[in-house]
Every structure is written in structure tokens, then in C-alpha cells.
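Commentary on secondary and tertiary structure
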Amino acid sequence: MGDSVSEDRERPTPERVLTFAARSQLLSADDVMRALRRMGHEIVERNHDPESISVVGLQTGGVGFANRIAQILFEITGSQISLGVLDVSFYRDDLSSNPAPPSALTRIDHDLTDRTVIVVDDVLFTGRTVRAALNALSDWGRPAAVELAVMVDRGHREFPIRPDFVGKNLPTARDEAIVANLDGVWIGSKEAR
Amino acid sequence: MIDSIRGCSLLTLNDMSCAAITEVLDTAESFVEVNRRAIKKVPALKGRVVASLFFEESTRTRLSFEAAAKRLSADVLSLAVASSSMKKGESLRDTIATIEALGIDAVVMRHKSSGAAAQVEGFVPNVRVINAGDGQHQHPTQGLLDAFTVRQVLAERLGVIGSETGSSLFEGLNVLIVGDIRHSRVARSDVAAYVALGASVRVAAPGTLLPVDIDAWPVSVVEDFDEAIEWADVVGLLRLQHERGTGSFVPSLGEFTFTHGLTWERARRLKSGALIMHPGPMNRGVEVDSRVADLDAAIINRQVENGVPIRMAVLYLCIVGAAKGEVQ
Amino acid sequence: MSAIVLRHGLIVARAGSRLGDVLIRDGVIEQVADQVEAPPGAQEVDAEGCWIGPGLVDLHTHLREPGREQAEDIESGARAGAIGGYTALVAMPNTEPALDNVALVAYVLERGSRTPLDVAVAGAITRGREGQFLAPMAEMAALGVRLFTDDGLGVQDPLVMRRALEYAKPLGVTLAQHCEDEKLANGGSMNEGAVSGRLGLIGRPAVAEEVMVMRDLELVRLTGARMHFLHLSTARSVAMVVAARRMGLPVTCEVTPHHITLDEVSCSNFDPRFKVHPPLRVLSDVAALRQGLRDGTIDAVATDHAPHAPELKDLPFDEAPAGMLGLEHAAALAYEALGSEECSPITFFDVLSRNPARIAQLRQGDRRFGMSGQGGDVVEGESANVVVFDPDSRWRVDRTALQSRSINTPYHGRELLGRVRSTIAKGRLVVDESVLV
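Rules used in this analysis
Residues numbered from 1 in each chain as written. Chains lettered and ligands numbered in written order. Predicted model: local features only at pLDDT ≥ 70, side-chain atom pairs only at ≥ 80, totals over all residues. Helix = DSSP H or I, 4+ residues; strand = E, 2+ residues; numbered from the N terminus. Buried ≥ 20, exposed ≤ 12 C-beta atoms within 10 Å, placed from the backbone. Pairing = 2+ DSSP bridges. Contact = placed C-beta atoms within 7 Å. Nonpolar A, V, L, I, M, F, W, Y, C, P; charged D, E, K, R; others polar. Domains from an automatic or database assignment. Core = buried A, V, L, I, M, F, W, Y, C linked by C-beta atoms within 7 Å. pLDDT = per-residue confidence, 0-100. Axes fitted to C-alpha atoms, helices over the stretch in contact; angles between N-to-C directions. Parallel < 35°, antiparallel > 145°, perpendicular 65-115°, else oblique. Left-handed = near helix turned anticlockwise from the far one by under 90°.

This brings us to the overall build of chain A. When helices and strands are tallied, chain A shows three helices and eight strands. Along chain A, helices (α) and strands (β) appear in the sequence β-α-β-α-β-β-α-β-β-β-β when read from the amino end. Across the 193 residues in chain A, those meeting the buried criterion constitute 44%.

Shown next, in the form of C-alpha cells:
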């Protein structure tokens, strides 16, 4: 979530009024859908008991992908998949430089103890959002395992964090910006408005 | 106009824009969810230090602020001022300087003198000051939690979350504030919040309990309380200090009930769906009939519940912002 | 005492101001001429572009001694006065203990005589300023006391006030009243109105002052005694006093520098330095007071110089003591209120020197107590109490550079126009180039 730039995340605030200027589209909506389906199959291959899977989308960019992955897992396995959303704003370590107020709610209505949690986000960048998510998840119990699914891995990690399921690896420059949603993936730049 | 309290002190709701207030309410919505978790704690203010200085005792407000700070993982220094050096003749300025020397990020303070929080802000410009009630001036978090509670209840009726409605539920909302307006910091903060959010506000009080400058307030004064009851979507009652009902301002508490109490008969004239609020502690049988206070329309317990998330939101926004001075 | 020559200033006199020099020797103005020859060893003061007028007289100074010397004492107050252009101060009696007997009056007179200025005393009207029993006014009058007041508080009881007026009349002294009905003032800490309501501060309404002005004017009518109204702050108060005087009542009145340059909005930040009694009023009152000053209906500007220790002004607004410094900036503030460039030097010295000297009966001086004549024209033979005021000097108030022991000025940082360049008190040059000699 925090690794991408999307309109609803970037509220106009006195300090940060940034907008995304797309340079080119890298994946189409169909490409995204195909990637999600592949990731779904990989998840099922690795986790034999669909009943123990909880899919948790990170607010806000990961939520759409998480919904779709849960749906795909249901289609593959026939089991209802537990779904949650998590806002990690309060767990970030860069609050003072990134003081946007939480834009969305957390909804995890079941204990995560002994479950396999698939954390879903749109873009994996520095890894700080995922680190915050790992801290946050521990407040809902002790999962048996946590796995990470992202649509785009763009490199530049600042933590020893790697994704388990990736839609697409995209080498990027640090100052570039990526937008990923169900309609496609774009590369471009952040611009002050 | 202040458009955000981020990184700022919170001394008053006067001059707050709709956006600034909405931001607090939306943030509080996230903390309502945190407070429903089994582990009601997030690390947002880890390593930060919040001092609570209650020069006038208010156990409810102090506990609410301290719980809020602790749920944000802040360290809390609680100075029981009544029993401390203030009694030994130490000045407010020196007390604050001592606390500041301990390395604090914010101070939550309650004082019997109007303006005391503003003065303290002048003494310690690098510390955020959160006013937890100063004299008859302001009680900003009460105003915020009242507005938050109204929005929460109205949003629930629509089956949505308050933060999805922004300030839209206040447009055309009729708010009637009743009682000792003159001496009430809650009334001053409530009026500022409701008016900024777009509600239409009327006040009703005996002549001696109306503020002398009521003409300058963005409200209208009710001539007929019983008629206004039928107009209101929200009735905000205020506490009447007993000593004001002994002939000094009002001939008797009974006469106050007669003219401005929310009696059972008056409550029957309320619109269906109207809300009854009170900042507590209530004088049952004076401001409000005991049976009325127990109606579903009386959302007083919701106000109390929302104290913690609103104060979490305020602490979070005030402390986790750009450093003071950086925000224009 | 060496001679002093004031060079090339505008010598202000009612009969006609003129450019020229002034020679001062042995405590009197010896010569006024186009050009005077300086005797050997004379101190020369450059008065180019300045007004040369009678030394200023403050009807209303709280010197705090005895009792509150940490805020001010007679010596530091006199220094502050000298910097402000004052050559005479009337010490208010609300000290601890109050100046309500001859011993205390003699003490203050003695301490005052050690300063370069004339320090006169206003005695208390009632014992301990408690508003109940008359103080020994006749004994104090024998020591030269000509003004009596319980200032800080007005005499609340109308019967006590009536008796005080009846008693004072044959003594030839003037009673000065702080007009505020404390019941109506209700323990308030600022003007009652839109600002007090928003700030949640209890107000002291204008009517608290006006009710007592009205009451006392009727008591003056009844008794025929002379009365001076201290620090009037509202348009209605002034109008009542002016109407009464027009009907022949022996009443005078003063305004303070702060009531003619500040209004209630100054209190919006809860800064207790703006707390004063009577409180800062609304802009329309400020305008009316300025008008009254310009057209001569208000007799005097008096500072109500009220030093308070810094820690007391750090208290919350409602708990902090009322009052602000006045002596060092009053001349510039009065000049501003009189319209700066439009200000007539005659009016300026009328309200700051001549009229106050007349009201305090300091015009003739009193050799028994070492008092020189105050408030006269700058003419040959007058006592050498002279001020050199530069109406074009721009400067900024700095509370760290005051002569007073206290720093509770509300004007810190404000730019002022007009500054006292030199003060000559009883023939001595005490301030030159705006610094103490």
C-alpha cells in the first residue's frame, strides 16, 4: 500500500500533494488477472489445507487483490476462504515523515492463531509496509505461518523480506512510481501538484 | 482557519475548519476498531512521552486520556498536581518547565482558569499542548467526541461507517443545546464543532445562563423551549452546577427543571429518532428526567465510550505530525 | 549644580511657541532667547527638532514601596519616570501597608526626596483602604497631601463616600475615585463583551464603572466637594463627567495611555500583561477617549503605572494581578492618541503636565517638603522642570531595557513615535540622549 501511489491513498494535505503521472502501462487488466490466477494455484500448491488459510489484504492497495485471490482460491478449492483487511498506519516506523492519517479500517474478525496468513499487497518496495504488517498481525494471535503475495516486486528492499508469490518482477529506479490495481500496472513518476 | 491539527497543539475548536474536524473524526473511526480488538494497543506513539497535568481533578477525563495514550504505546507521566508542588507555591511556568525537562512530546492539561492551556503553550513552544478543559473556555475533545458520536449513530442507521459520510450527515441537522451555556466550556466547543460541520445550532437557557455575547455566537436563541424540542434532531444537555441553582443564577433547581429540564413530558414531544446527549456527570431529575436518560434515544454511554478513540485520534494527530513550525 | 543650555528647540508656551535656546541655572529657568550664551562648564543639550516643555506630571503612579519592593521601589520608579519625561509623580497609597497615616506618608516623602523628581503622595480615603472608616485626612493634608484615593478599589459604600466628600471639602483636598462597582464587576478579569464570552472569562462590564461615576457625580452635586475621576475607560463615563462639569460641578478626569491605545481584543491570547482594571474596552470607547483628549474635555493622561513581579504575570489570566507599566512609554502613547503629526504641542503638555499639576495642586511647589513648582510654562523664572521631547524619533519598546524593576509592559515589540530625549528635574539634567545621566 504505502509503496504505491494511488489517488485515494494520497489525500491532499498541506505537506504532500502528489499525483501520479503515468509514463507507460506495463500490464493490462487481463495480464493482472492471469497473474492472480497463477498465484492462486501456487498458493494452493504450497498450502494443502485451504480451511486454515486466511487472506489479509493491506489497506488500501492490497485489498482489491486480496478479494480476488480469495475468490480464486474458492474457485480452485471449493472452500470458503477467511478474508481480512489490515491498515498498518499505526505500526509504521516512518510515521513522522509520513504522517498521513489512517485512510481505512482494519477488519480481521477471527483469531489468526495456528492459521496460514497470506498477506496481500499491490507493490513490494522497501518492505517497510510488510514489516509493519507482521508486527500488526501478532496482535491477532500467533499464525502458523505468514506468506506474502504481491502483484509487483519492484526491488529496493530495506528489510530482509521476500515475497512468496509475485505477479511480476519489475526492476525500477528509486524515484519512479508504480501503480498496480485490477485494471493494470503502470510506471510513471510522482509529481507535486 | 485551521485545516488540520496535525503537529499542532489543540487548545480550542474555534477557527477549526470542517476539514480539520472531519480528519479527527475519521481518524477516531480507525481507533474505534482498535478498541474492539483483543489487543487494544498499537505502537503508533512508541517512545513518545505524554504528560497529563490535571490542575483540576477530573478522574473520568484523565483516565480517558491516559488510556488513549497507553493504547497508542506512549509513555504516560501523570502528575497529581493537587498534591504536588503547585500547593507549595510553585508557579505554573516552573511546574511546566520541570515537566518539559523530563523530555515530553505532549502535555494534556486541565485547569480551572480559562486560557491556562494557551499560556502553557507559550511557556513550552516545543511541546504540543492538548487542552482537556480550561475554565469556562473550551473542552475540545468533548466537542469532538460529541460530534463523533452523533455521526456514528446516524451513520449506523444508514448502515455505513461514519468516515464514509464525511460531514454530510451534519448538513441540515438541527442541534439544540440546553442549559448553562454561559459557564460551559463544553457548550463553546460543541457549538464550534457542530457549526463547522454544517449543522444548524440553537441554544436554550434561562436569561442568566446565556452568555453575555450570545449575539456574536453563530447560533440562534430559542424563545420557546417546548417548540424547539420538536425542531431538534439532537438535544445536547449541559450540566448545571448545583450552586448556580440556589438563587444566584436560577431561583432553584426545581425551577430550572420547570423551564429547561428535559422532562418526560417534553421528551414525548421529541422527533422520532432524535438523540439526547449529556457530557456527564448528569444531575438526574434536574437537567434530565431519570427515565428520559435511560431511553434508547439517550446516547450518553456512547459518548463515554467514544472518549478513548477521540483522544487517541487527537494525540495521534497532534504528536505524529510534521514537527511544529513546519506546517503552514 | 552646573548650568544647562537647551539648544534650538521649539519652546512650547501658551502665549506662543518659539524656536530658541533655554538657559537653566540654580534650579530655575534663567533665560529664554533666540540664542543664549553658555556659561563656562554648562551642559549642552541638542534640542534640534524637539519640543521643550514643562516636565511631565503623573497623577497616578504605583511605586509599590513600602511592601512590594520586588516589583518597584520609589527609587526605581523615579528612574522610570525620568526616562519617561516625568519630573513629578503622585505615589498611590495602595502599598502594604496602605498610605493611610502621617508616618507612612512622611516615609514616602522622605524616600521621594532622595530622588531627582518630586514625589508627592496620595493618601488613602479610608483606613487600610478598606472602605469603612475615614483615614486621618487632615493630618495627612498637613504634610502636603492634596489627593486622596483608595485606588485599586473604589469606595464601594455610598454613605462612606458621602462622608469622605463632606470631610474633604473644607480641607481643600481632592478625592480621586477608582470607579468600579465591585459587585457588578463580579470578580471579572477583562471587559465584558464578545471577547470575554468567547474566551470564557468573567467580564467586568462597562456599567460597573459607569454606575459609580453616576453615583459619585450625584454625591459631588450634593456635597460640593472637589473630585477627580481616575482612569475613565468608557465613552459614557466621559460623557457623564463632561456634562456634570458643564453644569458647574468641580470635577476633573484622567485617562491612561493603555485605554487610548489598546482594546479588549488584545486579551484574546490570554496574556495577563493585558489585564488591567478598569479593563481594556472596545474600539468605540478608545475612539471616544481619544476624541475627549483632543478636544480638552479630558483633563489629563495619567499612567496608572502598576508594576508586578514577573511570576505574578505568569499566573493564569483570572488569577494574575491587574495592571501594567506606564511611565516609560506614556508620552509616546499619548502623542499617538493625540494624532501624532496632528498633535498640538500645547495639548500634549496640557494633558501630560499642566492639567495634572493643577489637579494635584503641584503648581506652586511646597518648600516645606522640597517640592518645586510643576506644570508651568518654559519662561524665565519658572522652576527648572523641563522635558525635551523628540516627536520624530521612532523606537521600539523592549521590556528588557526598562528602568522599572518589573517588565509587565503590554507594548513589548511595539514601534512608537516620539521619545523623550532629555529630562531636567529641579535644575538637574537626569536624562540625556534618552538615557539616564
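This next bit is on the pairing of strand S4 (residues 128–134) of chain B. Residue and element names in this part refer to chain B. Counting buried positions over the seven residues of S4 gives seven, a clear majority of the element. As paired elements, strand S3 (residues 106–111) and S4 share five bridges and run parallel to each other. By the bridge assignment, Val107 is partnered in S4 with Val129.

Looking now at the arrangement of the chains. Of all two pairs of chains that touch, the greatest number of contacts is found between chains B and C. The two units chain A and chain C never meet; even their closest C-alpha atoms stay 25 Å apart.

A word on the sheet that holds strand S5 (residues 174–178) of chain B. Residues and elements named next belong to chain B. Pairing is parallel in the open sheet, where five strands are placed in the order S7-S6-S5-S8-S9. In the strand order of this sheet, the two ends are held by strand S7 (220–221) and strand S9 (275–277), each with one partner. Alignment of strand S8 (residues 234–237) against S9, held across three bridges, turns out to be parallel. Pairing of Val234 across the sheet is with Leu275, part of S9.

What follows covers the interface of chain C and chain B. Listed as interface residues are 18 residues of chain C and, on the opposing side, 20 residues of chain B. In terms of residue count, the dominant contributor to the side of chain C that touches chain B is helix H6 (residues 194–199) of chain C (four residues). A class-by-class count of the residues in the side of chain C that touches chain B yields seven nonpolar, five polar and six charged.

Attention now goes to unusual backbone geometry. Cis peptide bonds are those with omega within 30 degrees of zero, and the linkage from Gln59 of chain A to Thr60 of chain A qualifies with -5 degrees. Looking at where Thr60 of chain A falls in the secondary structure, it is placed in the loop between strand S2 (53–58) and helix H2 (61–77). Non-glycine residue Asn186 of chain C carries a positive phi angle of around 60 degrees. In this structure, Asn186 of chain C sits in the loop between helix H5 (182–185) and strand S11 (190–191). The class for Asn186 of chain C is partly exposed, based on 13 C-beta atoms found within 10 Å. Positive phi, close to 25 degrees, is recorded for His231 of chain C, a residue that is not glycine. On the secondary structure map, His231 of chain C appears in the loop between strand S13 (227–229) and helix H8 (235–246). By the C-beta count within 10 Å, which is 26 here, His231 of chain C ends up buried.

Let us now look at the domain arrangement of chain C. Residues and elements named next belong to chain C. Examined at the domain level, chain C breaks down into domain 1 (4–51 + 379–436) and domain 2 (55–369). The C-alpha-based centres of domain 1 and domain 2 are spaced at 25 Å. The interface is formed by 34 residues belonging to domain 1 together with 37 residues belonging to domain 2. Counting only elements with at least two residues in the side of domain 1 that touches domain 2, the list comes to strand S16 (386–396), strand S17 (415–425) and strand S18 (428–432). Ranked by the residues each element gives to the side of domain 1 that touches domain 2, the list is headed by S17, at seven residues. Looking at side-chain class alone, the side of domain 1 that touches domain 2 contains 19 nonpolar, 10 polar and five charged residues.

Attention now goes to the nonpolar core. Proteins that are soluble and globular tend to have nonpolar side chains buried together. Core analysis: the biggest nonpolar cluster contains 292 residues, and Ile69 of chain A, Val107 and Leu315 of chain B together with Ile52, Phe148 and Ala334 of chain C have the highest contact counts within it. Top element by residues in this core is helix H11 (residues 300–319) of chain B. It accounts for 10 residues.

Low-pLDDT stretches of the model should not have their predicted coordinates read in fine detail. Residue-level pLDDT values for chain C average 96, and 100% of them are 70 or greater. Quick note on the complex model: pTM equals 0.89, ipTM equals 0.90.

Another aspect to go through is the sheet that holds strand S1 (residues 49–54) of chain B. Residue and element names in this part refer to chain B. Here we have four strands laid out as an open sheet, ordered S2-S1-S3-S4, and parallel in their pairing. Two strands lie at the open edges of the sheet, namely strand S2 (75–79) and S4, each paired on one side alone. Strand-to-strand twist in this sheet, taken as the mean axis angle between neighbours without regard to direction, amounts to 15 degrees. Where S1 meets S2, five bridges bridge the pair, whose relative direction is parallel. Paired with Ser52 across the two strands is Ser78, which belongs to S2. Sitting on the sheet, H11 is in contact with S1, S3 and S4, with an inclination near 150 degrees to S4.

Residues and elements named next belong to chain B. Take Gly162: it is sitting in the loop between helix H5 (140–158) and S5. Judged by the 23 C-beta atoms lying within 10 Å of it, Gly162 is buried. For Gly162 and Thr149, which are 13 residues apart along the polypeptide, the C-alpha to C-alpha distance reads 9.3 Å. In contact with Gly162, other than residues within four places in its own chain, are Leu25, Glu29, Arg151, Gln152 and Ala155.

The next subject is the environment of Ala132 of chain B. Residue and element names in this part refer to chain B. Inspection of the secondary structure puts Ala132 in strand S4. Residue class for Ala132 comes out buried when judged on the 28 C-beta atoms lying within 10 Å of it. Note: C-alpha distance between Ala132 and Phe54 (78 residues apart in sequence) is 8.4 Å. Once residues within four sequence positions are removed from consideration, Ala132 is found in contact with Thr61, Phe65, Val108, Met109, Arg110 and Thr141.

All names here are of chain C. Counting buried positions over the eight residues of helix H10 (residues 330–337) gives seven, a clear majority of the element. Considered for burial, the residues of H10 that qualify are Ala330, Ala331, Ala332, Leu333, Ala334, Tyr335 and Ala337. Among the structural elements, strand S6 (56–61), helix H9 (283–294), strand S15 (300–301), helix H11 (345–359), S16 and S17 are those in contact with the buried residues of H10. Downstream of H10 by a residue or two, Gly339 has a phi angle that is positive, lying close to 100 degrees.

All right, on to the confidence of the model for chain A then. Model confidence for chain A is summarised by a mean pLDDT of 86, while 84% of its residues fall at 70 or above. Note that pLDDT drops below 50 for residues 1–17 of chain A; the model gives that stretch 49 contacts with residues more than four away or on any other chain.

Residue and element names in this part refer to chain B. The geometry of helix H3 (residues 92–101) relative to helix H4 (residues 116–123) is characterised by a closest axis approach of 10 Å and an angle of 55 degrees between their N-to-C directions. Comparing their axes, H4 and H3 come out oblique. Between H3 and H4 the crossing geometry is right-handed. Where H3 approaches H4, its residues Leu92, Arg93, Ile96 and Ala97 are matched on the opposing element by Ala116, Val120 and Phe123.

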